[in-house]
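# Analysis of the macromolecular model
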Amino acid sequence: MINQASMQSSRFRSLTSLRTTLTAAFVVLSVLPVAAAVFFSSQRIQAQSQAQVNTLLDAAAQNKLDTIQNWIAGSQQTLRIALAHEDDVIEMTDFLSFHKDDEAARAAVTKNLTDLLAKQQDFVSLFVYDLNGEIVAATDPVDVGKFTKTAPYFEGSLVADSVHPPFYNVGSSDLNLIFTRQIIDEQGKLVGVMAGRANPNTLAAFMAQRAGLGETGETYLVSLESNYFLTPSRFEGFPQRRSYHSEGINRSLAGEDGLASYVGYRDVPVIGVYRWLPDLQVGLMVEEDQAEAYAALQQTQRANLIAAVVAALISVIAGSVLAIRIVRPIGALTRVTQALAAGDLTQRAAIQARNEIGDLGIAFNQMASQLGETLQSLEKSVQEARVATAMAREANRLKSEFLSTMSHELRTPLNAIIGFTEIMMAGMSGPMSEKQQHKMSRIHLNSKRLLDLINDLLDLAKIEAGRVDVLYEPFAPRDLAHGIRAQMESLAEQRGLGLVVRVDPQLPTVLLGDAGRIEQATKNLLSNAIKFTKEGSVELALHANGGDVWEIVVTDSGIGIPPHALEYIFDEFRQVDGTSQRAYGGSGLGLAITRNLSRIMGGDIRVTSTVGQGSTFTITLPVSLPEELEAVA
Amino acid sequence: MSEAISRISDWRILVVDDEMDSIDVVTEVLEFYGATVYNASNGLEALELLETITPDAILSDLSMPKMDGWALLANIRKNERLTAVPVVALTAHAMAGDEQRGKAAGFSAYLTKPISVITLIQDLVDQLPGLRQ
Amino acid sequence: MFNRRFRIVVLFVVLIALLAGCSAPATPKAELTPVKVQLAWVPTIEYSPFYVADQNGLFADEGLKAQFINGGFDESGKPIDEIANVVDGKADFGMTTSEKILNARSKGTPVVAIGAFYQRSPIAFISLADKNITKPQDFVGKNVFVDDAAGSTGIAYVAMMSSLGIDRTQIHEIPRDDFSNDPLTSGRVDVMSAFINNQPVQLGQQGVKVNTVLASDYGIDSYANVIFTTEDMIANHPDMVQRFLRATVKGIDAAISDPQKAAEITVGYSDALNLESESQSMEQALPLFKPAGTQVGMMTDAVWSFTSETMVEQGLLTGSTNVKQAYTLQFLKEIYGN
């Protein structure tokens, strides 16, 4: 019987666990490869995307670098051209060396400068200063007379042609972009410096070119001076003259070149290319917000993710459906099984599937039918057995009643017969003649025989009806034997036979058993032995046989029993000659009763015999010791 | 026995049985020895009779119509005057346990049919101490 | 169960107590040494390094609590003598011009400059743009406000004219009696002295375009605002001097790192200030605080020498005044590890 409690508390849940397993397995097996593919492709896309961005930024940086380099080179070239012509050189050096205060000389030099200025694009003004730093000629007359000694480019300009790092000066908000060129006379002596001031917006213009840098991409230059921006930020709220710090800025100002992802000066994550420009002593930055750089990537990723999720959902649904289709018939089968277990044998599985599960269903149904039939026949048998038992019991009861009634009915008339007979024999009804007395005693004798017969019959019937209670009381076999001898002695004497009684010393002193019945059986055997022995002796021996059984052996030297008779000698009413003629008296039930007695006491009886020599009857009984003695034994 | 027998002539015994032959057997033996024997054929008759006499012992069959031996015993025991009178069951019910049942119900003795005429008197004396007087 | 809950409560209480204890300043409550700083003028962005240092806890980092005493004029209208106040002990440190330091020293006042705010002279001679006065030579024939000869601007004017060899007799020099912008805008004068980051900004806000002639363009450089203290202070409390200067130098750096913020902070120290003009003024002051290639707060022997020589030339200083004793670079060198 299936224990309901041992199944999951809800049939539904029991289904889902298998269903879940199947679905999960299906999902995993179908989604996992997809997920892996998506993941790896996503990784590649990310890498590619990053590479793209990096390439873009790198290219932009390189482009700016080249532009600046070109500008520097071009500007320096321009300054060199100014004094390319030997005549111009002489004019300049003469002026510087000797004629600084000469207005005419100054004018001539100034004209040269002005002409040059007109012909080129790099500078907005040119000026020349002497070794003291005093400007002696300039395309902007205002400059003439000013001192450059404290200008940051002054010291370096005396040493070499240079471009000075852009700087701010007092009195103006413009960036100073100063190129210098040594003016050396024919003797090789430094006599002065020619300087050009580039358009302060040049660098800003370069940096403002942001093609391909999207909405958040920018390039700018950072100065070592307080980390100021030398070109404007693309974004509002970030003035140039302020200190800016970021990983990229710090690295470029430290002289490094590279590319990195970091939090930019606007506190926004950026990808930045940073370069150090040693000529200009500035840091070049090309940055783009990571959000923008990876926007496309993120879109792709998101699309991929959505696709993957959709695929997963589809898998889940498909898997679920598939799982249900597999699991539902199992569930149906389970339900039918439960119904069967609960006793409803009419249930059959309604599985129509054409597959293994269908086969299972068919086999199951067959089994159920078989089960039903078997159960029905079983029930019939049980019913029959019950009826039989009831009938047997009833029969038994009737038998008992019959016995009781018969006993009573038979005894009552016998009472009159024997009673009156005895009264008459006792002379209470007056004297009788000898013939009358003789006949009376024969009547009495036969009446007694009749009574014996009745008693034996009833005894046998009682024993067979099981209406005997076997006692298990302690008794002493020795005393029993002696008692029996006392009772049978006279009978044996009467017939001129010897009676020997032997008790095995090995036999326990006390045994448990029904002493009365043992006595009855033994006396039965002894009376038979005496009856069938003409001369000689009859022996009763009680002896132990092993520790488990003991025997009562009655031996006689009587007429014996032929071999063929041994098998039915214990049957009712059968005499040795096979007839029921009783030459030797007795009821004919003695041995049957004795056998019954032996058997109900847990033992049995057997006989050996030789015709003409005698017979030996052996009752075997189990040894049953009283408890106290059992321990000792 | 002779002592007992000599007293028997004083005995007054009531014999109750629905079988006349059974009554006759017992009555003949007892009267032979001089006892006074009354008889009834069932318990009811016996009770009627007992209203007028108080016997020294009652010998009663068990299975009788109208009132059986068990009921008779019960009724006798209820009677103050008759409680001391021993009642002996004299019955053909000789199966195992019948005697115990009888004794348990209050019969002073339990004799089974067919009785032994020769030993009847002795049996009565042996089993009924009251009769020895 | 009770036991466990009880323990949690106890733990909680202990935690709270610890946190309460910790909520007090993380640093042990060491007393901050108060220092008084006597300014030379009313609060402007010129003193923003002090104000920023104060706000950013830079003085506290050095264990100091700075108090700033405004200069200019007192309630009665008398000019405040910043040097006298420091010497008298009314302040520990002060701000003044290098010229005044040298002057004081020539009189035996034992003051010493330990660092400078503006490393270039802020002195400019301004004129309305349409006058086309773009260089000193253009002053000839013009009405020029001239300041007190002993003052830094007076000294600068004379030095500039002299260095360029311009004949001052050709200039209509008018002694300055008005420090507002009116004389210029009204046309009473054509040229007047100013600080490059001050009046031009004011006038610019009013929509008035001016031309500026920078003294420093013509080789005239002096320290317009130096941090000074007494010789006594340096001798007896060099550690405090060092710490004060360090906080101040960090203040200059912090101020120029975020000029807008510096202006905002400065405005908080006076009701009379306008954020817009202070912001612009600060922008113009940036190359003064830190000219390209210099370290903030720094002073050079060349500039001190020049100033001293100029004053001697103009008879404002006796030759015996040892300029080298007027300033010390020791504390700056300690900061910059030179």
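Residues take numbers from 1 onward in each chain, read along the sequence in its written order. By the order in which they are written, chains take letters starting at A while ligands take numbers starting at 1. In keeping with the model being predicted, local features are shown solely for residues with a pLDDT of at least 70 and side-chain atom pairs are shown and tallied solely at 80 or more, while totals for entire chains, interfaces and linings include all residues.

## Thoughts on the overall build of chain C
- Strands here mean DSSP runs of E at least two residues long; helices mean DSSP runs of H or I at least four residues long; both are numbered from the N terminus. Regarding its fold elements, chain C presents 14 helices and ten strands.
- The proportion of buried residues among the 338 residues of chain C is 46%.
- The contacts of chain C with a sequence gap of at least 6 include a subset with a gap of at least 24, amounting to 81%. To assign burial, the other C-beta atoms lying within 10 Å of each residue's own C-beta are counted, with C-beta atoms placed from the backbone; 20 or more indicates buried, 12 or fewer indicates exposed, and intermediate counts indicate partly exposed. In this description, any two residues whose backbone-derived C-beta atoms lie within 7 Å of each other are considered to be in contact.

## Considerations on the overall build of chain A
- Scanning chain A from N- to C-terminus turns up 14 helices and 17 strands.
- Looking at the 633 residues of chain A, the share that counts as buried comes to 30%.
- For chain A, the share of sequence-separated contacts (at least 6 apart) that also reach a separation of at least 24 residues comes to 59%.

## Description of the interface of chain A and chain B
- In this complex, chain A contributes 16 residues to the contact, which on the side of chain B involves 17 residues.
- Among the elements that take part in the side of chain A that touches chain B, helix α9 (residues 356–425) of chain A stands out by supplying 13 residues, more than any other.

## Considering the pairing of strand β5 (residues 175–184) of chain A
All names here are of chain A.
- A large share of β5 lies buried, amounting to seven of its ten residues.
- Inspection of the sheet shows strand β3 (residues 162–163) paired to β5 by two bridges, in the antiparallel sense. Residue pairing across strands places Ser 162 opposite Thr 180, the latter belonging to β5.
- The pairing of strand β4 (residues 167–168) with β5 spans two bridges and is antiparallel. Residue pairing in the sheet places Phe 167 in a bridge with Asn 176 of β5.
- Connecting β4 to the next strand, β5, in antiparallel fashion are six residues, including Gly 171 with a positive phi near 95°.
- Think of it this way: DSSP has to see at least two bridges between two strands before they count as a pair. By the bridge criterion, eight bridges tie β5 to strand β6 (residues 190–198) in an arrangement that is antiparallel. Counterpart to Gln 182 in the pairing with β6 is Val 193.

## So, the sheet that holds strand β12 (residues 498–503) of chain A
Residue and element names in this part refer to chain A.
- A sheet is described by the order of its strands in space; here five strands give the open sequence β12-β14-β15-β17-β16, paired in mixed fashion. At either end of the open sheet lies a strand with only one pairing partner, and these are β12 and β16 (604–610). Geometrically, the sheet is characterised by an average inter-axis angle of 15° between neighbouring strands, direction not taken into account.
- By the bridge criterion, six bridges tie β12 to strand β14 (residues 537–545) in an arrangement that is parallel. Following the sheet pairing, Leu 499 is matched in β14 by Val 538.
- Only the stretch in contact is used when fitting a helix axis, every axis being a line fitted to C-alpha atoms; angles between N-to-C directions are given from 0 to 180 degrees. The sheet strands contacting helix α11 (residues 477–494) are β12 and β14, and the helix crosses β12 at an angle near 180°.
- On top of the sheet, helix α13 (residues 590–600) reaches β16 and β17 (614–622); it is set at about 135° to β16, its chief contact.

## Things to note about helix α6 (residues 117–127) of chain B
- Of all the positions in α6(B), only B:Val117, B:Leu120, B:Ile121 and B:Leu124 are classed as buried. Taken down its axis, α6(B) places every buried residue within 90° of arc, on the same side. Here the arc refers to the directions that run from the helix axis out to each C-beta atom.

## So, the interface of chain A and chain C
- In this complex, chain A contributes 19 residues to the contact, which on the side of chain C involves 26 residues.
- Amino acids are sorted into nonpolar (Ala, Val, Leu, Ile, Met, Phe, Trp, Tyr, Cys and Pro), charged (Asp, Glu, Lys and Arg) and polar (every other residue, Gly among them). Class assignment for the residues of the side of chain A that touches chain C results in seven nonpolar, seven polar and five charged.

## Topic: the nonpolar core
- Only buried Ala, Val, Leu, Ile, Met, Phe, Trp, Tyr and Cys residues enter a nonpolar core, and they are joined through C-beta atoms within 7 Å. Core analysis: the biggest nonpolar cluster contains 155 residues, and A:Val128, A:Leu221, A:Val222, C:Ala113, C:Ala124, C:Phe228 and C:Phe289 have the highest contact counts within it.
- If you tally residues by element for this core, the top one is helix α10 (residues 238–257) of chain C, at nine residues.
- When neighbours within four sequence positions are excluded, C:Ala113 is seen to be in contact with C:Ser98, C:Ile101, C:Val226, C:Ile227, C:Phe228, C:Met299, C:Ala326 and C:Tyr327.
- In terms of nonpolar packing, the next biggest core, distinct from the first, is built from 39 residues, B:Ile8, B:Leu14, B:Val29 and B:Ala35 among them.

## Some points on helix α3 (residues 43–50) of chain B
Residues and elements named next belong to chain B.
- Looking only at α3, the buried set comprises Gly 43, Ala 46 and Leu 50. Down the axis, α3 shows its buried residues gathered within 55° of arc, on one side only.
- The inward-facing, buried residues of α3 contact β1 (12–16), β2 (36–40) and α4 (69–78).

## What about unusual backbone geometry?
- Along the chain, B:Lys113 connects to B:Pro114 via a cis peptide bond; the corresponding omega equals -5°.
- Residue position: B:Pro114 is located in the loop between β5 (109–112) and α6.
- Positive phi, normally seen in glycine, also occurs at A:Asp267, with a value near 65°.
- Secondary-structure assignment places A:Asp267 in the loop between β8 (258–263) and β9 (269–277).
- Look at A:Asp267 and you get exposed, because 8 C-beta atoms sit within 10 Å.
- In this model, B:Lys66 sits at a positive phi of 70°, which is unusual for a non-glycine residue.
- Tracing the backbone through its elements, the reader meets B:Lys66 in the loop between β3 (57–60) and α4.

## So, the environment of C:Ser121
Residue and element names in this part refer to chain C.
- Examined against the element boundaries, Ser 121 turns out to sit in the loop between β4 (111–116) and β5 (123–128).
- When the 26 C-beta atoms within 10 Å are taken as the criterion, Ser 121 is described as buried.
- In the structure, Ser 121 is positioned 94 residues away from Ala 215 in sequence and 7.0 Å away in space, judged by C-alpha atoms.
- Residue contacts for Ser 121: discarding those within four places in its chain leaves Ala 156, Ala 215, Ser 216, Ile 220, Asp 221, Ser 222 and Ala 224.

## As for the pairing of strand β4 (residues 87–91) of chain B
Residue and element names in this part refer to chain B.
- Within β4, five of the five residues are buried, which leaves the element mostly enclosed by the surrounding structure.
- Both faces of β4 are covered, namely the face carrying Val 87, Ala 89 and Thr 91 and the face carrying Val 88 and Leu 90.
- Taken together, the three bridges between β3 and β4 define a ladder with parallel strand orientation. Bridge assignment links Ile 58 to a residue of β4, and that residue is Val 87.
- Crossover handedness is defined by viewing with both strands directed away from the observer: a clockwise path from the first strand over the helix to the second marks the crossover as right-handed. Of the crossover connections in this fold, the one passing from β3 over α4 to the parallel β4 is right-handed.
- Alignment of β4 against β5, held across four bridges, turns out to be parallel. When the bridges of β5 are listed, Ala 89 appears paired with Tyr 110.

## Topic: the sheet that holds strand β9 (residues 210–214) of chain C
Residue and element names in this part refer to chain C.
- Read from one edge to the other, the open sheet built from three strands follows the order β8-β5-β9, with strand pairing classed as antiparallel. A single partner strand is all that each edge strand has here, and the edge strands are β8 (192–195) and β9. If you compare each strand with its neighbour and ignore which way they point, the axes differ by 40° on average.
- For β5 and β9, the ladder comprises five bridges, and the chain directions are antiparallel. Pairing of Ile 126 across the sheet is with Thr 212, part of β9.

## Describing the confidence of the model for chain A
- Values of pLDDT, ranging from 0 to 100, describe the predictor's confidence in every residue of the model. Of the residues in chain A, 93% have a pLDDT of 70 or more, and the chain-wide mean is 85.
- Ranking the helices and strands of chain A by mean pLDDT puts helix α6 (residues 247–253) of chain A first, with 95, and helix α14 (residues 627–632) of chain A last, with 58.

## Looking at the confidence of the model for chain C
- For chain C, the average pLDDT comes to 90, and 94% of its residues sit at 70 or higher.
- Reported confidence for the predicted complex is 0.84 by ipTM and 0.59 by pTM.

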